[in-house]
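Structural description and commentary
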Amino acid sequence: MNLGSNLNVLGNFTLSVSNTGTLTFGIGDDLAIARTLIFSGNVTIGASCTMAIGSSSIALHAITIYGNFTINGTVDLNNNADYAVNTLGAASLTFMGLSDNTVSINSVNTSFYSFIVNKGVDQTFTLSVTATVATSPFDGRNGNNMVTLTKGTLRLGSNITVPQLNVAGQNYDISTAQDVNAGLWIDGATVTLGGSALVIYGKFRITSGSFTVNNGQSAIVTRGPAEVLIEGGTVNM
């Protein structure tokens, strides 16, 4: 099943199969037409179910979720090679809303393209990414931000590996808008910067896990009223 139009779901959205078999929800059925998907509630991808980019699409689609995102099947929002420019179809994934929410990854078959946190108006609301399996889901976009932190706090839990937040030669800003409205909280994950300096305008927090600055200036820079909380874990520079 391929989605050939925009989609606005005013509630929860679930992909599931009741018996044997599989179900695939493809985004985009035309080469160049970008689709917009908005989910006001929770999104659940059940076992034996897939949310993916349509095989014939080369557009950059946009998905926005206001609730929780539970992945028990397959989510593949990138038809391109890891960290490649989009020529074969992809979708950005944005989390919004005035609430704390969770991305629960229970399948190794999870791949995001561009992951954006834009919750509320400041750092108050947290998007927690948890995993019951070892996973490296942030492996898509070719650009300065694999993960974009605009507003709210992104909390990364155990079993999650982020090989790079951005590309070599570029700084990574918390927050992306160079204000105090976003935060990154490493709570068990293994995160590597990948680019040059980590520049903190909002809040950087590590409770457990590790953070590595591995290229360029190999520095952590604070701006204005930025906060750095090292409560545990390991910071490598």
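Our next topic: the overall build of the protein chain. Regarding its fold elements, the protein chain presents zero helices and 24 strands. In terms of C-alpha radius of gyration, the protein chain reaches 17 Å, essentially the compact-globule figure of 18 Å for 237 residues. Burial statistics for the protein chain: of 237 residues in total, 51% are counted as buried. At a minimum sequence separation of 6, the contacts of the protein chain that also span at least 24 residues come to 73%.

A general tendency of soluble globular proteins is for nonpolar side chains to be buried together. Core analysis: the biggest nonpolar cluster contains 53 residues, and Met51, Ile63, Phe69, Phe112, Phe115, Leu154 and Phe211 have the highest contact counts within it. In this view, Leu154 contacts Phe115, Val117, Leu127, Val129, Val147, Leu149, Gly183, Leu184 and Trp185; residues no more than four positions away in its chain are not counted.

What follows is about the sheet that holds strand S18 (residues 172-174). Adjacent strands of a sheet pair through backbone hydrogen bonds, lying either parallel or antiparallel. The sheet built from three strands is open, its strands ordered S18-S20-S22 with parallel pairing. Either end of the sheet is taken by a strand with one partner, and the two such strands are S18 and strand S22 (220-222). Going across the sheet, the axis of each strand differs from the next one's by a mean of 20 degrees, ignoring polarity. Looking at chain direction, strand S20 (residues 198-200) and S22 are connected through three bridges and run parallel. Its bridge partner lying in S22, Ile200 is registered against Thr222.

So, how was this worked out
- Residues numbered from 1 in each chain as written.
- Predicted model: local features only at pLDDT ≥ 70, side-chain atom pairs only at ≥ 80, totals over all residues.
- Heavy atoms only, no water.
- Helix = DSSP H or I, 4+ residues; strand = E, 2+ residues; numbered from the N terminus.
- Rg over C-alpha atoms; globule rule 2.2 N^0.38 Å.
- Buried < 20%, exposed > 50% of the residue type's maximum accessible area, 1.4 Å probe, protein only.
- Contact = heavy atoms within 4.5 Å.
- Core = buried A, V, L, I, M, F, W, Y, C linked by side-chain atoms within 4.5 Å.
- Pairing = 2+ DSSP bridges.
- Axes fitted to C-alpha atoms, helices over the stretch in contact; angles between N-to-C directions.

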